[in-house]
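Chain residues, written in single-letter form:
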Amino acid sequence: MPKNKYSKSFEIALSAISCAVAVLFLTLGVFSRYLLATGYIVAQIALMIPLSKQFALGDFLAYLGTVILALILGAVASFWDVVPFIMFFGLHPLANYFQVKFKINKWIALVIKMVWFDVTLYVMYLLMWNITGITGMGSQTIINVVEFVEKYIWLFIIVLGSLFLWLYDFIMFKAQIWVNKLIYRIRK
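Residues numbered from 1 in each chain as written. Predicted model: local features only at pLDDT ≥ 70, side-chain atom pairs only at ≥ 80, totals over all residues. Heavy atoms only, no water.

This paragraph deals with the packing of aromatic side chains. Enumeration over the complete set of coordinates arrives at 19 aromatic pairs. When the centroid spacing of 5.9 Å and the interplanar angle of 70° are considered together, the rings of Phe 148 and Phe 156 count as edge-to-face. On the basis of relative accessibility, which here comes to 46%, the residue Phe 148 falls in the partly exposed class. Each member of the aromatic cluster is reached from another via a ring pair, and the members are Tyr 40, Phe 88, Phe 89, Trp 116, Phe 117, Phe 164 and Tyr 168. (Phe/Tyr/Trp six-rings, centres within 6.5 Å; stacked < 30°, edge-to-face > 60°. Buried < 20%, exposed > 50% of the residue type's maximum accessible area, 1.4 Å probe, protein only.)

So, in structure tokens, the structure goes:
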């Protein structure tokens, strides 16, 4: 259905629901280290809700609201846990939406998203490395592993991060289709 058949209040309501679910799961993920990845994924899927009705602005505002509210609700204490969501996971559904809307070649878009994801991983590596201060602690074996990781981190990120994103991007496109079918039943 064309976007102009929906009222602004419907867009706001759908975006608010999306934001509320995303904040709930992102905050739960930050407070429980075991649920952090799940929090990212469920929050990202929640942010797909406005996109199912082609509300790109509503989705972006839901993303901003999610980040701000999660930080206010306590994520600021462990800000580094929210950085991947801020840099990549929260904006990924919007990037996929624009890829489909503007018919961008899927391979070009995938390479761009891989670079974007790899940069996010590298920023997380830098943040975690500076925060944890692992260097110089522990046995010689740990020191050797740490030195090996430091030396080849870009290789690990480019190869493993890009392979992960290829699969993850495919799954998120399928998740968007599922969300579209679920939300399609809502008329107004």
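Even without a glycine there, the phi angle at Gln 54 is positive, about 65°. Its location among the elements puts Gln 54 in the loop between helix H2 (36-46) and helix H3 (56-72). Using a relative accessible area of 37% as the deciding quantity, one classes Gln 54 as partly exposed. Not every positive phi belongs to a glycine, and Lys 103 is a case in point at roughly 55°. Structurally, Lys 103 can be placed in the loop between helix H5 (92-101) and helix H6 (106-132). (Helix = DSSP H or I, 4+ residues; strand = E, 2+ residues; numbered from the N terminus.)

The subject of this paragraph is the nonpolar core. The biggest cluster of nonpolar side chains holds 34 residues, and the ones touching the most others in it are Leu 14, Leu 26, Tyr 40, Leu 47, Phe 85, Phe 89 and Leu 165. Those elements giving two or more residues to this core turn out to be helix H1 (8-31), H2, H3, helix H4 (83-89), H6 and helix H7 (140-184). Among the elements that line this core, the one with the most residues is H1, at 7 residues. Core analysis: the second largest hydrophobic core is formed by 5 residues, Tyr 125, Trp 129, Val 146 and Ile 153 among them. (Core = buried A, V, L, I, M, F, W, Y, C linked by side-chain atoms within 4.5 Å.)

Let us look at H1. Since the α-helix turns once every 3.6 residues, residues separated by three or four places project in the same direction. In a regular helix each residue adds 1.5 Å, so 24 residues correspond to 34 Å; H1 covers 34 Å between its end C-alpha atoms and thus fits that length. Of all the residues in H1, the buried ones are Phe 10, Glu 11, Leu 14, Ser 15, Ser 18, Cys 19, Ala 22, Val 23, Leu 26, Thr 27, Gly 29 and Val 30. Here the buried face of H1 lies against H2, H3, H4 and H7. (Expected span 1.5 Å × (residues − 1). Contact = heavy atoms within 4.5 Å.)

This next bit is on the packing of H1 against H2. At a minimum axis separation of 7 Å, H1 and H2 run at an interaxial angle of 175°. Between H1 and H2, the crossing angle belongs to the class labelled roughly antiparallel. Taken together, the residues of H2 that come into contact with H1 (itself represented by Ser 18, Val 21, Ala 22, Phe 25, Leu 26, Gly 29 and Val 30) are Leu 36, Gly 39, Tyr 40, Val 42, Ala 43 and Ala 46. Among the residues forming the contact of H1 with H2, the class breakdown is 10 nonpolar, 3 polar and no charged. (Axes fitted to C-alpha atoms, helices over the stretch in contact; angles between N-to-C directions. Parallel < 35°, antiparallel > 145°, perpendicular 65-115°, else oblique. Nonpolar A, V, L, I, M, F, W, Y, C, P; charged D, E, K, R; others polar.)

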